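Listed below are the residues making up each chain.
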Amino acid sequence: MPALKPAPRRRAIAAPLVLALLLASCGGSNNGTGANGPIGGSITPTPSPTPTPTPGATCSLRSRQDWAATQLREWYLFPETLPATLDPTPYANVSDYIDALTATARAQGKDRFFTYLTSIAEEDAYYDTGATAAFGIRLQTDTVARRVFIADAYEGAPALAAGIDRSAEIIAIGTSADTLQPVSALIASGGSALTDAFGPTTAGVIRALQVRDVGGVLRTVTLTKASFDIQPVSPRFGTRVITADGQRIGYVNLRTFIDTSEAQLRSAFATFRSQGINRVIVDLRYNGGGLISPSQVMADLLGGNRFASDVVNYTTYRTSKSGNNQTRNFRSQAEAVSPLRIAFIATDSTASASELVINAFTPYLRANSILVGANTFGKPVGQIALDRKECDDRLRVVALSLQNADRQGEYYNGLASTAGATCRADDGLALTMGDPAEPSTRVAIDALAGRSCTPISTDAKAQALGDTGKRRLLLPAAPTTAQRDLPGTF
């Protein structure tokens, strides 16, 4: 049997294939405008040496397609939805064939492109250090007004170095200042025109951006994509202590669950613990998921008053693979705090591993665990990684479901209907995340103080449109690993 490796540091059970858990957000095959929100998800593997693909019949299209189908038939969480037979011949690539095999589960809302083929080398690099190649910005689109805004800018990346940060608007984009195309026209043309305009995710790609900064200044900036490591907790705004209502509130903003996030989370919570903080705001508004292990550690750090017998989550496989089922209990951490109330800031881009953390506290805190912002994406399932190293193929297969201590895990329509309490809030781009005046942060502070609020809508129409309004994070049709877990990254 394949090796089972709980992320991030795992013990192999067997060798021929790598099998690892992952809980991330975005898959692919959307319309290129981000209208469908995040669509992937996973729990990742131990970094392995970069494989050297072997040419020839071993990695022929048909061989790779057959291999993918075999893995799905053995591990897929919804085996009853797979077609009895499906000829791969009409499909031009492995991904299209996988989409066809999983079409029924996708139509049922259980697997919204969460099962996909990716590169072992690319995935390992991202989950190890946050490595990616980009301008280093996260983009929100307003498809009605045909506008694009910066939601976040990553430290150590080209865009922030050029002074482009949250709340700036991109007016036009081109390969040079002489070939600028209005963003409004690109959105109007539909399809993948807007995402294509930003070019491939390769270091060295050059684009000119016409940007309107916060103060209304219009300028044209030429940026070159570069390789850099994304910081899970921003050194600029990722953690702070807010004083409000005579109370100290710990605020932490986590972008993604990768290997390096654990140390940064421990540092943040050590500060909270040293100041005796018992109210916490956890900002996961753009966090599409990632590795399961850091998400469980985050639960531990929030669960200083939990018993060793208390359950963080149950992990359940299909009946034929039930020997892999696991129960994860809370573990004592030196940096842990014991909050009386937690406010989780979320949007419809909050998915997977982020939802695991939020869902874990409902059985214990009930109405004192408050979902703030908008309904979450709704991904109560996780992937394993099945590797074919000679082809640099990693098949991410939805193979497990996740439940909290109450065995609640059917939140395909988001967590708003099962959360202990909810408060609707806008994502205030004009202010830094974590600023006490920023709308979502302000509502979170009010919620922790027990003040009344407007609940998040849970009806189907609101879920489809997104409670946060018209702005959505931008997604390409074929996202990189970073774009799956950090939707909007370019």
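First things first, this report covers the structure right here in the doc. Only a predicted model underlies this, so the values are computations on that prediction, with no experimental measurement involved.

A closer look at the overall build of the chain
Scanning the chain from terminus to terminus reveals 13 helices and 22 strands. Burial statistics for the chain: of 490 residues in total, 60% are counted as buried. Put simply, of all contacts in the chain between residues at least 6 apart along the chain, 72% involve residues at least 24 apart. Accessible surface for the chain amounts to roughly 17300 Å². Of this, 51% is attributable to carbon and sulfur atoms.

Here's the deal with helix 8 (residues 261-274)
Its 14 residues give helix 8 an end-to-end C-alpha distance of 20 Å, which sits within 8% of 20 Å, the value for a rise of 1.5 Å per residue. The complete set of buried residues in helix 8 reads Ser261, Glu262, Leu265, Arg266, Ala268, Phe269 and Phe272. Seen along its axis, helix 8 keeps its buried residues to an arc of 170°; they face one direction. Exposed residues lying more than 90 degrees from the buried face of helix 8 are Ala263 and Ser274. Residues of helix 8 that are buried make contact with strand 12 (239-244), strand 13 (247-253) and helix 9 (292-302). Backbone geometry just after helix 8 places Gly276 at a positive phi near 65°.

Comments concerning the state of the cysteines
Per the stated rule, a full pass over the model turns up two disulfides. Cys59 shares a disulfide with Cys391; S-S distance 1.9 Å. Looking along the S-S bond of the Cys59-Cys391 disulfide, the torsion reads about -95°, which is the left-handed sense. Placement of the pair is Cys59 in the loop between strand 2 (18-22) and helix 1 (61-75) and Cys391 in the loop between strand 19 (381-388) and strand 20 (393-403), with a sequence separation of 332 residues.

Looking at the environment of Asp196
With respect to the element layout, Asp196 can be found in helix 7 (residues 193-197). On the basis of relative accessibility, which here comes to 51%, the residue Asp196 falls in the exposed class. With 281 residues separating them along the chain, Asp196 and Ala477 place their C-alpha atoms 9.6 Å apart. Looking at Asp196, its side chain comes within polar contact range of the side chain of Ser192, at 2.7 Å.

Topic: the packing of helix 1 against helix 2 (residues 94-101)
Interaxial distance between helix 1 and helix 2 falls to 9 Å at its minimum, and their mutual angle equals 30°. In terms of orientation, helix 1 lies roughly parallel with respect to helix 2. Handedness of the crossing formed by helix 1 with helix 2: right-handed. Where helix 1 approaches helix 2, its residues Leu61, Arg64, Gln65, Ala68, Ala69, Leu72 and Arg73 are matched on the opposing element by Val94, Tyr97, Ile98 and Leu101. Considering only residue class, the contact of helix 1 with helix 2 consists of eight nonpolar, one polar and two charged.

Examining unusual backbone geometry
Residues other than glycine seldom take positive phi values, yet Ser352 does so here, at roughly 60°. With respect to the helices and strands, the residue Ser352 is situated in the loop between strand 17 (341-346) and helix 10 (353-365). Despite not being glycine, Arg407 has its phi angle at roughly 65°, a positive value. Here Arg407 shows up in the loop between strand 20 and strand 21 (421-424).

Some details on the sheet that holds strand 13
Spatially, six strands are ordered 12-13-14-17-18-21 in an open sheet, and the strand pairing comes out mixed. Looking at which strands have only one partner, the edges of the open sheet turn out to be strand 12 and strand 21. Across the sheet, the axes of successive neighbouring strands diverge by a mean angle of 20°, strand direction being ignored. Pairing between strand 12 and strand 13: six bridges, direction antiparallel. Its bridge partner lying in strand 13, Val241 is registered against Gly250. Each of strand 12, strand 13, strand 14 (279-283), strand 17, strand 18 (369-373) and strand 21 touches helix 11 (residues 439-448); the most contacted strand, strand 17, lies at about 160° to it.

Some details on the nonpolar core
If you look at the biggest cluster of nonpolar residues, it comprises 67 residues, and the most contacted ones within it are Val282, Met298, Leu302, Phe344 and Phe361. Looking at this core, the element that brings in the most residues is helix 10, giving seven residues. The residues touching Phe344, leaving out its near neighbours within four places in the chain, are Val282, Leu284, Leu302, Val357, Ile358, Phe361, Ser369, Ile370, Leu371 and Val372.

Regarding the side chain of Ser295
Summarising the element assignment, Ser295 is placed in helix 9. When its relative accessible area of 0% is taken as the criterion, Ser295 is described as buried. Among the polar contacts listed, one links the side chain of Ser295 to the backbone oxygen of Ile292, at a separation of 2.6 Å. Setting aside anything within four residues of it in sequence, one finds Ser295 in contact with Phe257, Ala353, Leu356 and Val357.

Cut-offs applied
- Residues numbered from 1 in each chain as written.
- Predicted model: local features only at pLDDT ≥ 70, side-chain atom pairs only at ≥ 80, totals over all residues.
- Heavy atoms only, no water.
- Helix = DSSP H or I, 4+ residues; strand = E, 2+ residues; numbered from the N terminus.
- Buried < 20%, exposed > 50% of the residue type's maximum accessible area, 1.4 Å probe, protein only.
- Contact = heavy atoms within 4.5 Å.
- Areas by Shrake-Rupley, 256 points an atom, 1.4 Å probe, with all protein chains shown as cover.
- Expected span 1.5 Å × (residues − 1).
- Arc of directions from axis to C-beta.
- Disulfide = S-S within 2.5 Å.
- Polar contact = N/O pair within 3.5 Å; in protein donor to acceptor, adjacent residues only side chain to side chain.
- Axes fitted to C-alpha atoms, helices over the stretch in contact; angles between N-to-C directions.
- Parallel < 35°, antiparallel > 145°, perpendicular 65-115°, else oblique.
- Left-handed = near helix turned anticlockwise from the far one by under 90°.
- Nonpolar A, V, L, I, M, F, W, Y, C, P; charged D, E, K, R; others polar.
- Pairing = 2+ DSSP bridges.
- Core = buried A, V, L, I, M, F, W, Y, C linked by side-chain atoms within 4.5 Å.

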